[in-house]
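# Architecture and fold: a report
Okay, here's what each chain looks like letter by letter:
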Amino acid sequence: MVKSVLDTVENEVSHAVGRLNIEQAVQTYHEQGEFLAVDQFLAQPVVDRFMTEVEQVRTQLNRNYIPTHKKGGSVSYFILGQAAPAILSFYRAPDFINWLSRIAGAPLLLCPDSDPHACALYFYTEPGDHIGWHYDTSYYKGTRYTALLGLRDRSTSRLLCRLHTKDHSRETKELTLSTDPGSLVFFNGDKLQHAVTPLREGEERIVLTLQYVTDPRMGAFQRWFSNMKDAVGYFGLPALFRHLSPKAIGSSRRGQASS
Ligand SMILES: [Fe+2]
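Residues numbered from 1 in each chain as written. Predicted model: local features only at pLDDT ≥ 70, side-chain atom pairs only at ≥ 80, totals over all residues. Heavy atoms only, no water.

Another aspect to go through is the pairing of strand β8 (residues 159-163). Of all five residues in β8, four are buried, a share of seventy percent or more. With four bridges joining them, β8 and strand β11 (residues 193-196) adopt antiparallel strand pairing. When the sheet's bridge partners are listed, Leu-160 is paired in β11 with Ala-195. (Buried < 20%, exposed > 50% of the residue type's maximum accessible area, 1.4 Å probe, protein only. Helix = DSSP H or I, 4+ residues; strand = E, 2+ residues; numbered from the N terminus. Pairing = 2+ DSSP bridges.)

Here you go:
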């Protein structure tokens with residue numbers, strides 16, 4: 001059962017990356033200051049499979065609120081590791097990681113199994129849920145990359161992206177994107193300033209976030225700071241004491257990048 005899920009998702013991902021023009025994707029990514037958006041990256045049946053798992057973990061989401069900066073719900077990698085084999089197989093799919101690596105121009109690796117943010121869900125489900133302008137700062141020794149996959153978007157909420165904010169030779173450009181189901185966004189976390197506009201009454205938006213790094217080592221202070229930031233801003237203090245289940249770890253290296 002689990003093996004068939006893995007194979008199905010991996011086949012879908014192979015198909016998804018195979019139909020895209022990689023040279024064009026690389027060019028667009030670099031022209032946009034290490035940012036790429038792909039509409040309809042995954043087909044609806046795959047998104048539906050992911051959403052089945054999302055509904056199974058919805059009761060375990062942690063609501064968070066940082067005044068003036070963010071409000072929303074999150075589900076960590078540790079929980080997805082127990083209940084979301086299809087989503088995890090997407091995170092770890094070798095063809096996906098190799099495709100992202102070609103776009104980034106560097107061999108990407110999975111985050112360590114101790115990172116609750118490695119593969120996680122963001123829920124925007126209550127009025128006012130949003131996140132202010134920020135970078136996905138890397139606390140790793142290597143560069144950190146974020147991939148966002150839209151899973152559900154019944155909202156007027158938008159992902160705002162500011163390109164070239166750290167490149168003084170270029171004019172800053174702002175994009176406004178909807179994260180439709182199956183759409184993909186990929187960027188260098190230290191390069192792209194981004195935000196999500198507030199949700200309105202009766203709306204819902206759910207996004208899968210995937211993190212990859214070029215070097216998964218992290219200093220002790222950076223680990224402490226990153227853990228505290230994740231606990232307060234995303235997954236709650238209990239996440240500090242949770243770990244990925246041995247069963248999930250057992251299959252975790254199947255999808256490690258080969259490059
Ligand atoms: Fe972010």
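Turning our eyes to something else, we now look at the packing of helix α3 (residues 44-57) against helix α5 (residues 85-92). One can describe the packing of α3 onto α5 by two numbers: an axis separation of 8 Å at closest approach and a directional angle of 125°. Classified by the interaxial angle, the pair formed by α3 and α5 is oblique. Between α3 and α5, the residues in contact are Arg-49, Phe-50, Glu-53 and Val-54 and Pro-85, Ala-86, Ile-87 and Phe-90, respectively. Across the contact of α3 with α5, the residue classes tally to six nonpolar, no polar and two charged. (Axes fitted to C-alpha atoms, helices over the stretch in contact; angles between N-to-C directions. Parallel < 35°, antiparallel > 145°, perpendicular 65-115°, else oblique. Contact = heavy atoms within 4.5 Å. Nonpolar A, V, L, I, M, F, W, Y, C, P; charged D, E, K, R; others polar.)

Side chains three or four residues apart in an α-helix point the same way, a direct result of the helix having 3.6 residues per turn. Among all positions of helix α2 (residues 22-31), only Ile-22, Ala-25 and Tyr-29 are buried. Take α2 and look down its axis: the buried residues cluster within an arc of 60°, on one side only. Facing away from the buried surface of α2 by more than 90 degrees, the exposed residues are Glu-23 and Gln-24. The inward-facing, buried residues of α2 contact β1 (35-38), α6 (94-104), β7 (144-154) and β10 (184-188). Measuring from the backbone nitrogen of Glu-23 back to the side-chain oxygen at the start of α2 gives 3.1 Å, which picks out Asn-21 as the cap. Immediately downstream of α2, the backbone of Gly-33 shows phi near 70°, a positive value. (Arc of directions from axis to C-beta. Polar contact = N/O pair within 3.5 Å; in protein donor to acceptor, adjacent residues only side chain to side chain.)

We now examine helix α7 (residues 220-235). Here α7 has its buried residues at Arg-223, Ser-226, Asp-230, Ala-231, Gly-233, Tyr-234 and Phe-235. The inward-facing, buried residues of α7 abut β2 (62-66), β3 (70-75), β5 (119-124) and β6 (130-134). Backbone geometry just after α7 places Gly-236 at a positive phi near 85°.

Each aromatic ring pair is characterised by the separation of its centres together with the angle its planes make. In this structure the tally under the stated criterion is 11 aromatic pairs. Seen in terms of ring centroids, Phe-50 and Phe-90 are 5.6 Å apart; in terms of plane orientation they differ by 35°. Their pairing is tilted. Of this pair, Phe-50 sits in helix α3 while Phe-90 is found in helix α5, placing the two residues 40 residues apart along the sequence. Here the two residues Phe-50 and Phe-90 agree in accessibility, since each one is buried. Judged by centre distance (5.1 Å) and plane angle (40°), the ring pair of Tyr-91 and Tyr-212 falls under tilted. Highlighted residues: Tyr-91 in helix α5 and Tyr-212 in strand β12 (residues 204-213), separated in sequence by 121 residues. The same class applies to Tyr-91 as to Tyr-212, namely buried. (Phe/Tyr/Trp six-rings, centres within 6.5 Å; stacked < 30°, edge-to-face > 60°.)

Worth remembering: the numbers are spatial, not functional.
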